[in-house]
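# A structural walkthrough
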Amino acid sequence: MILYLAVAVGTVMLACMIDNHPVRQPYKITRQQMCNRICLLSIFLILFALSACRQNVGNDYAKYVEFMHLVNSNAYVPTEPGFNLLVKIIYGISGFENHLLVFAVYAFVTIFLFLLAIYEQSDEFPITYFLFMMLGYYFQTFSTVRYYLVLAIAFYAMKFVIRKQWGKFVVLVVLGCFFHKSLLVVLPLYFLASLTWKKWQLVLIGLFCTTFLFLQDFYLKVVVFLYPTYEDTEYLEGGTSYINILRCMAVLVLSLLYYKKHIKGNRRFQFYFYLNLGALVLYVFCSFLPIISRIGYYLTISHILFIPALISRTENPKLKKLLQVGMCLAAVFYFAIFMSRAYNDGLLILPYKSFFFHDMVNILSDMN
């Protein structure tokens with residue numbers, strides 16, 4: 001716990017020295033640009049080292065090691081071709097089942113994409129990075145590594161949606177789906193969120209959403225058709241997060257205060273607005289769907305860009321200060337709840353263990 005707090009506080013302090021919109025001078029690197037590079041590199045190395053050096057930390061760490069062993073043995077695994085190919089390449093180069101290097105590669109790419117996306121797309125890097133850490137996105141990369149890799153890809157790809165660079169967006173998503181096919185859901189979801197909707201259209205969408213309340217069996221059959229491995233498993237139990245519902249509602253209330261002046265007619269802000277609205281609809285109406293939170297995260301990851309952008313446009317200094325303090329307190333409270341569950345089976349990021357001091361536990365194949 002102390003290690004995680006030190007990493008969170010230390011990297012946030014480094015982030016506070018970064019200005020991702022520095023004044024540029026031709027043929028010259030300014031002091032701020034040099035500071036940005038040093039701080040970004042320091043943040044990356046700290047986050048990467050903590051992730052790459054872990055051993056059996058994360059809810060499904062041992063399960064992934066088992067999958068890697070099965071891939072190397074040419075046995076069937078439910079993982080995607082990109083994951084399987086990466087494992088075969090790394091194990092082949094290493095000459096042994098080097099699962100640590102596989103996790104390190106995932107950590108490198110995932111953290112790099114998150115930091116690059118924050119630097120390029122955030123209005124205020126320090127605040128967005130603060131939310132990135134406090135909302136638990138970094139620490140959750142210790143579990144479900146394939147999913148958080150593609151979440152980072154989706155987050156980075158948002159800029160292509162906003163710029164209407166659909167070719168780049170589709171190519172990036174298709175490449176990412178070879179590591180986790182759930183990424184394909186962002187193709188329709190991000191496209192729909194990029195449109196400008198009229199009120200009557202939103203009413204029709206609201207009426208359509210009520211079908212999720214009466215046709216749950218039908219939608220579950222569709223999910224099983226798309227994900228056959230979910231059939232007769234605990235993944236079909238569904239479930240939702242009341243904290244995420246409250247978070248989406250809070251963002252919705254905040255955004256409505258700025259809608260006429262800053263969101264309406266602004267393609268980027270409208271995109272973030274509809275992503276949040278879509279996430280709220282999913283959490284409320286589709287809680288019966290398996291792992292609805294994973295689909296929701298593709299939408300709510302935009303919060304770390306949207307909230308700072310809205311608050312920065314507050315003209316009243318007192319209100320702006322109040323919103324900033326409220327945001328920070330809410331984020332710290334969220335982080336405290338998240339860390340209080342760090343020992344739970346659904347997360348298991350505590351206690352932290354490193355391969356320097358701990359050996360890997362036996363996987364299922366070792367026991368047979």
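Whatever comes next refers back to the structure up there.
This report concerns the structure included in the present document. (Residues numbered from 1 in each chain as written. Predicted model: local features only at pLDDT ≥ 70, side-chain atom pairs only at ≥ 80, totals over all residues. Heavy atoms only, no water.)

A few words on the packing of helix 8 (residues 145-162) against helix 10 (residues 186-194). Pairs of packed helices are described in terms of their axes, by the angle between the two and the distance that separates them. Look at helix 8 against helix 10: their axes get within 11 Å of each other, and the N-to-C directions meet at 45 degrees. Looking at the two axes, helix 8 sits oblique to helix 10. Remark: the crossing between helix 8 and helix 10 carries right-handed chirality. Between helix 8 and helix 10, the contacting residues are A154, M158 and V161 on the first element and V186, Y190 and S194 on the second. Across the contact of helix 8 with helix 10, the residue classes tally to five nonpolar, one polar and no charged. (Axes fitted to C-alpha atoms, helices over the stretch in contact; angles between N-to-C directions. Helix = DSSP H or I, 4+ residues; strand = E, 2+ residues; numbered from the N terminus. Parallel < 35°, antiparallel > 145°, perpendicular 65-115°, else oblique. Left-handed = near helix turned anticlockwise from the far one by under 90°. Contact = heavy atoms within 4.5 Å. Nonpolar A, V, L, I, M, F, W, Y, C, P; charged D, E, K, R; others polar.)

Within the fold, Q55 resides in the loop between helix 2 (31-52) and helix 3 (61-72). One polar contact links Q55 to Y61, side chain to side chain, over a distance of 3.4 Å. When sequence neighbours within four positions are dropped, the list of residues in contact with Q55 reads Y61, H99, L100, K353, S354, F355, H358, D359 and M360. (Polar contact = N/O pair within 3.5 Å; in protein donor to acceptor, adjacent residues only side chain to side chain.)

Per the counting criterion, the structure on display carries 37 aromatic pairs. Aromatic side chains Y129 and F132 sit 6.0 Å apart centroid to centroid with 45 degrees between the ring planes, which places their arrangement in the tilted category. With Y129 and F132 both in helix 6 (residues 125-134) and three residues apart, the pair spans about one turn of that helix. For the pair Y129 and F132, a shared accessibility class is recorded, and that class is buried. Between the aromatic rings of W166 and F169, the centroid separation amounts to 6.0 Å while the plane-to-plane angle is 75 degrees, which identifies the pairing as edge-to-face. Here W166 pairs with F169, and both are found in helix 9 (residues 166-176), just three residues apart, close to one helical turn. Accessibility expressed as a relative area gives 27% for W166, which makes it partly exposed. (Phe/Tyr/Trp six-rings, centres within 6.5 Å; stacked < 30°, edge-to-face > 60°. Buried < 20%, exposed > 50% of the residue type's maximum accessible area, 1.4 Å probe, protein only.)

For E80, the location among the structural elements is in the loop between helix 3 and helix 4 (81-94). The exposure class of E80 is buried, given its relative accessible area of 8%. Excluding its chain neighbours within four sequence positions, the residues that come into contact with E80 are R146, C177, F178, F179, H180 and K181. Polar contacts involving the side chain of E80 include one to the main-chain amide nitrogen of K181, which spans 3.1 Å.

So, on to the environment of A6. Turning to its location among the elements, A6 is positioned in helix 1 (residues 2-15). When its relative accessible area of 46% is taken as the criterion, A6 is described as partly exposed.

Turning our eyes to something else, we now look at unusual backbone geometry. Here the amide bond leading from L350 into P351 is cis, since omega sits at 0 degrees, within 30 degrees of zero. One non-glycine residue, T144, adopts positive backbone phi at about 40 degrees. Here the phi dihedral of L348 falls at roughly 55 degrees; this positive angle occurs in a residue that is not glycine. On the secondary structure map, L348 appears in the loop between helix 18 (317-340) and helix 19 (364-367). Looking at L348, the relative accessible area reads 30%, which means it is partly exposed.

Once that is clear, we can look at the side chain of N36. With respect to the helices, strands and loops of the structure, N36 is situated in helix 2. By relative accessible area, N36 is classed as buried at 2%. A polar contact of 2.7 Å, which involves the side chain of N36, links it to the side chain of Q32. In contact with N36, other than residues within four places in its own chain, are M17, I18, D19, P22 and Y119.

What follows is about the packing of helix 1 against helix 6. The geometry of helix 1 relative to helix 6 is characterised by a closest axis approach of 9 Å and an angle of 165 degrees between their N-to-C directions. Regarding the angle of helix 1 to helix 6, the classification is roughly antiparallel. When the axes of helix 1 and helix 6 are compared, the crossing they make is right-handed. Side by side, helix 1 and helix 6 meet where A8, T11, V12 and A15 of the first sit next to F125, P126, Y129, F130, M133 and M134 of the second. Tallied by class, residues from the contact of helix 1 with helix 6 come to nine nonpolar, one polar and no charged.

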